[in-house]
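# Results of the structural survey
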Amino acid sequence: MHIHPVGTRALLVELDDLSQVMTWHEALTAQPLKDQVDAIAAATTLLLTFNTPNSAHAAAEFLEDFHPSARSVEEPRLVEIDVLYDGADLDEAADLLGMSREGLIDWHTSTEWLAAFGGFAPGFTYCTPADASRGVDIPRRSTPRTAVPNGAVGIAGNFSAVYPRVSPGGWQLLGTTSTPMWESDAQPPALVQPGDRVRYRAVSSLPDIVSTTPFGRRTPARLPRMEVIDPGLVTLFQDQGRPGRGNLGVTPSGAADQAAAATANVAVGNPRGATVLENIGGIRLRALTDTVICVTGAQARVVLEEMPVHLARPVLVTAGSTVRVEPATYGMRSYIAIRGGIVADSELSSASTDVLSGLGPAPVRLGDIIGVLPRSTAMTDAQLTNPLRVTEGSRGQTEGVLRCVLGPRDDWFTKESLEKFLNTEWEVTPQSNRVGLRLRASDDATLSRARSGELPSEGMVAGSVQVPPSGEPVVFLRDHAVTGGYPVIATVLEEDIDIAAQLPPGATVRFELATTI
């Protein structure tokens, strides 16, 4: 057993095999450690996240002598999934395994699968052969698909799973199912739970797949306050997210720049975690009643009618008035809080829009009415400072520095690559979003591995810096996948993820090792 620090608030426990992982996961889920937020199982690792660095440090010491007893044995539940074997990779996967097309289908349907752990996306459950002798080792696709269809049945490594929603993915696709894998209103929401037994049944046809509509459907009571005249490039509802549900494949999500969101709320007298609008590209709102708002985040001009408004200051917007947040001059995301607390459709007790999984309310559109709680519990206005921690560079671009801790998989990289990672000025590419920042070097520098082969999927946190085979790093943000299969060279401190959230395409960023933890 080896324990790797992941940043300052998480631990990656490397164990012998999946059975040991499941034993540890059951024990630490039943009796969590102090300040433990989540326990995310994977093939040979268990990721534990904590509220504070001190709790993570204490947990590491405790786990050195931790020996959980064997898992409780209960009668497993059998889940049967009908599959139409029409997958785009069926023939290629059969060739890779030295089987015929029919032989692969027979192996997949005659194998009883054990549901091991959730991850990657809500309802995506990794299943492994219950009889280890029936296992295989099939590589992921060399180039992942940008969009795998809802209901696709895939295999990779020694695992099989169903994609519950449209999402990126690199598994070999064998077929399709119309069985819904995730329903937020159900208890539990994921059809396949760890410990279940799963059987796939070949069918010649399927009923129409019920399209999994992304984003929540609840419509709580609200008082209208603002009409959206122009939502800008993208405007989302965000709050403190959905922490502690990683084993369901649900990422924490929440405001990308949490300090900016909290500051906006406190300024207008809301609780720190109340729902706000997270905007990129500017926004125009018209007040339907007298209300108080505050704008924080990126350096951007805010205008009420024709009057400039300071960032991080509460301002009264009278009925009929229009407030405009212009596109950022540097930084990326602006946050708008409304006194009383914005009310939006919720899912799993959060109104955060998760752009990767589709959980939460739909993005804000032209003509939407933004409402607040029927009863305001607002406190006194606060005078605050905008917490933006990026700067404007000499060429007008946004610049940032991210403090990090090496690992947990820095030993997968050459010494030269580690030095290059820390000494290179990286540029944020246009392919970046709330899931992660994709980076490239101005001199096309890439990071080389010291090891070959594939890393089994393991838990990820916001701030994980993955390095895919291209050698160009990706910094995970709030809507990151719960698990990932590329080695993490370093982990950005939790305190600096707000900085990463304010780096737009074209911004430059450097990494530096944290001097104190």
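The protein chain appears in an unreviewed UniProt entry as Allophanate hydrolase subunit 2 from Corynebacterium simulans.

Moving on to the packing of aromatic side chains. One pass over the structure, following the stated rule, counts 14 aromatic pairs. Relative to Tyr126, the ring of Phe117 has its centre 4.5 Å away and its plane inclined at 25 degrees; by these criteria the two rings are stacked. With 4.5 Å between their ring centres and 25 degrees between their planes, Phe421 and Phe511 make a pair best called stacked. Of this pair, Phe421 sits in helix α6 (residues 415-423) while Phe511 is found in strand β35 (residues 508-513), placing the two residues 90 residues apart along the sequence.

Let's shift gears to the domain arrangement of the protein chain. For the protein chain, the assigned domains read domain 1 (1-62), domain 2 (77-200), domain 3 (221-370) and domain 4 (389-511). Distance between the C-alpha centres of domain 2 and domain 4: 30 Å. Facing six residues of domain 2, the contacting portion of domain 4 comprises eight residues. When domain 2 packs against domain 4, close to 590 Å² is buried across both sides, 42% of that on carbon and sulfur atoms. Remark: the boundary between domain 2 and domain 4 carries four residue pairs in polar contact (both at pLDDT 80 or more).

When its volume is computed, the largest pocket comes out at roughly 1300 Å³. Taken together, 44 residues form the lining of the largest pocket, with Pro144, Pro168, Arg438, Gln466 and Tyr486 sitting closest to its centre. Residue assignment for the lining of the largest pocket shows that the elements contributing at least two residues are β7 (121-129), β8 (145-148), β11 (167-169), β29 (436-441), β32 (474-476) and β33 (483-484). Tallied by class, the residues present in the lining of the largest pocket amount to 20 nonpolar, 16 polar and eight charged. Counting the residues that make up the lining of the largest pocket, at least three belong to each of domain 2 (77-200) and domain 4 (389-511).

Basis of the calculations
- Residues numbered from 1 in each chain as written.
- Predicted model: local features only at pLDDT ≥ 70, side-chain atom pairs only at ≥ 80, totals over all residues.
- Heavy atoms only, no water.
- Phe/Tyr/Trp six-rings, centres within 6.5 Å; stacked < 30°, edge-to-face > 60°.
- Helix = DSSP H or I, 4+ residues; strand = E, 2+ residues; numbered from the N terminus.
- Domains from an automatic or database assignment.
- Contact = heavy atoms within 4.5 Å.
- Buried area = accessible area lost by both parts, 1.4 Å probe.
- Polar contact = N/O pair within 3.5 Å; in protein donor to acceptor, adjacent residues only side chain to side chain.
- 1 Å grid on protein atoms, 1.4 Å probe; cavity = no way out; pocket = protein on both sides within 12 Å on 5 of 7 lines; lining within 4 Å.
- Points joined across faces, edges and corners; volume = space filled by probe spheres on them.
- Nonpolar A, V, L, I, M, F, W, Y, C, P; charged D, E, K, R; others polar.

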